[in-house]
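Okay, here's what each chain looks like letter by letter:
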Amino acid sequence: MKMSIKNAEELTAKLGQVIYVAGSQWGDEGKGKLVDIMSQKYDIIARAAGGANAGHTICVNKDGKSEKFIFHLLPSGVLHSGKICVIGNGCVVHIPTMLEEIEELKAKGLDVVSQLLISDRAHIIFDYHIQIDGIQEERKGDKKVGTTKRGIGPAYTDKISRQGIRMADLLNFNVFAEKFRVNAEKKMKAFGFEMDIEKELAYYKEAAEKIRPLIVNTVEYLEKAYKEGKTILVEGAQGSHLDIDHGTYPYVTSSNTTSGGACTGLGVAPSKMTSVVGIAKAYTTRVGAGPFPTELSEELGNKLREAGAEYGATTGRPRRCGWFDAVVVRNAITVSGINSINVTKLDVLTGFETIKVGVGYQLNGKKITFVPAQLEDFEKVEVEYVDMPGWSEDISKAQTFEELPENAQKYILKLEEVLEVPINFIGVGMHRGEMIYR
Ligand code: GDP
Ligand code: IMO
Ligand code: MG
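Residues numbered from 1 in each chain as written. Chains lettered and ligands numbered in written order. Predicted model: local features only at pLDDT ≥ 70, side-chain atom pairs only at ≥ 80, totals over all residues. Heavy atoms only, no water.

Trainee: Can you explain the overall build of the chain? Please cite residues and give values.
Mentor: Check the secondary structure of the chain and you find 13 helices and 20 strands. In summary, the chain has a C-alpha radius of gyration of 22 Å against a globular reference of 22 Å for 438 residues, a match within 12%. In terms of its C-alpha atoms, the chain occupies a principal-axis envelope of roughly 65 × 50 × 40 Å. When each of the 438 residues of the chain is scored for burial, the buried share is 59%. When contacts within the chain are restricted to residue pairs at least 6 apart in sequence, long-range pairs at least 24 apart make up 75% of them. With 54 positive and 58 negative side-chain charges, the chain shows a spacing of 3 Å between the two charge centroids. (Helix = DSSP H or I, 4+ residues; strand = E, 2+ residues; numbered from the N terminus. Rg over C-alpha atoms; globule rule 2.2 N^0.38 Å. Buried < 20%, exposed > 50% of the residue type's maximum accessible area, 1.4 Å probe, protein only. Contact = heavy atoms within 4.5 Å. Lys, Arg positive; Asp, Glu negative; His and termini not counted. Charge placed at Lys NZ, Arg CZ, Asp CG, Glu CD.)

Trainee: Describe the site of ligand 1, naming the residues involved and giving the relevant values.
Mentor: Taken together, 18 residues lie near ligand 1, and Gly 30, Lys 31, Gly 55, Thr 57 and Asp 347 sit nearest. Gly 30 has a polar backbone atom sitting 2.8 Å from an oxygen atom of ligand 1. Here an oxygen atom of ligand 1 sits 3.4 Å away from a polar atom, N or O, in the main chain of Val 428. Burial of ligand 1 by the protein chains amounts to 93% of its free accessible area of 580 Å². Under a 2 Å grid-point criterion requiring more than half of the atoms, the pocket assigned to ligand 1 is the second largest pocket. Counting residues per element, the ones that place at least two in the shell around ligand 1 are helix H2 (31-39) and strand S3 (56-62). For the shell around ligand 1, the per-class residue count stands at four nonpolar, seven polar and seven charged. (Near = heavy atom within 4 Å. Polar contact = N/O pair within 3.5 Å; in protein donor to acceptor, adjacent residues only side chain to side chain. Areas by Shrake-Rupley, 256 points an atom, 1.4 Å probe, with all protein chains shown as cover. 1 Å grid on protein atoms, 1.4 Å probe; cavity = no way out; pocket = protein on both sides within 12 Å on 5 of 7 lines; lining within 4 Å. Sits in = over half its atoms within 2 Å of the grid points. Nonpolar A, V, L, I, M, F, W, Y, C, P; charged D, E, K, R; others polar.)

Trainee: Which residues make up the site of ligand 2, and what values go with them?
Mentor: As a structural note, the neighbourhood of ligand 2 is formed by 21 residues, with Asp 28, Lys 31, His 56, Thr 148 and Thr 253 the closest of them. Note that an oxygen atom of ligand 2 is positioned 2.8 Å from one of the backbone N or O atoms of Gln 238. Across the complex, the protein chains shield 98% of the 550 Å² of accessible surface that ligand 2 would expose by itself. The site holding ligand 2 turns out to be the largest pocket. By residue class, the composition of the shell around ligand 2 is eight nonpolar, ten polar and three charged.

Take a look at the structure:
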């Protein structure tokens, strides 16, 4: 589908009733910013996978001052009053973190509870999952994944091995308490740590009172809303190459971050999805371990990191930086069915004399078009680059494609040529208004 979009007003009509905003690299592409902008036009904003490992940053200009919000678990749409925000069945929820996020927003004058719905089928992350995450990483030594230590992997492990505890269990506290005791005992034995089970249960008894009204069958809710013609925006978390199936396994997260995961993680059927918008940074970053073929040398990498403020929104870790990798993004386009792209952070490349674009890989002297499954192969691929001339003008005030310097336009056209998907949005700054529509 060829699309041309001039402003946010045209978005809903062009993209359709149900859209997925997908990270196309290794996360932190700038999903939160586009979701925030598009939330103005969508009725429901939903998270379908992951947990508080996500960190979605939104910068809002208010009264001449820039205010920053970082969302870990709550959908970024909560900044817009009247929008319903759904935490889907595919998510894993650490209740204290969620309540903290709600409190932080309250302190900033936003009461978001009335906007929030949580799936009765979403799994709960407990503190023991967080502890196990840390222990497992430690045990891996130099093979650590570099997780966010939010308990994501251990919680999904319990889900898949059919011993997880779900939001629905909180609706009957006796059932919840029994399951919690059994699981907590098992974890303490298996991992050799102590915890005060009764203290935890007392916490959850109180927390359950607060969140019980938010726990619903979100599949039923979304189906009804869909039939009434409401529009739904699914906010991706992480990136395609952190997907448990399609990512650079084992250096991945534990959920499906691609569009299939958006469907199962919400119970919204694939046939209802009208568009998938892929978010691609104008270069590449990665936090955590794992191969990264276009990663830059220390000097250029540091320059990019400082220019782009590339430090993790969840863990504060410095992000590894590299050139744009079209093989990686094309893989995401294939797996998620991306039909529209938002290139973000083009402004960060201002001042680089030459900008490289990784357009292909060679493995053992042969051209390959996909990311190899064997890590040892991925580690040794040779990237074919094309060199693009840079620009030095400030582009943060540009509102149209034509206002960009010629070389910045050429850079975008090159990305579009190698990705074969229209680039409909170009981010030129961190604020809501700093977005070009084309
Ligand atoms: P997400 O996890 O995909 O939502 O992305 P993060 O919030 O982790 O990281 C993206 C960072 O880039 C955030 O600090 C955003 O404020 C910032 N950002 C997003 N788009 C742009 C852009 O076009 N230009 C600049 N300079 N910053 C941007
Ligand atoms: P957003 O939504 C970037 C990475 C971690 C680690 C791997 C596994 O902000 O784009 P986990 O804690 O999920 O078990 O860690 O995945 N990771 C992310 N990297 N952005 C994210 O989210 C990430 N969520 C997880 O750094 O390498
Ligand atoms: Mg992030």
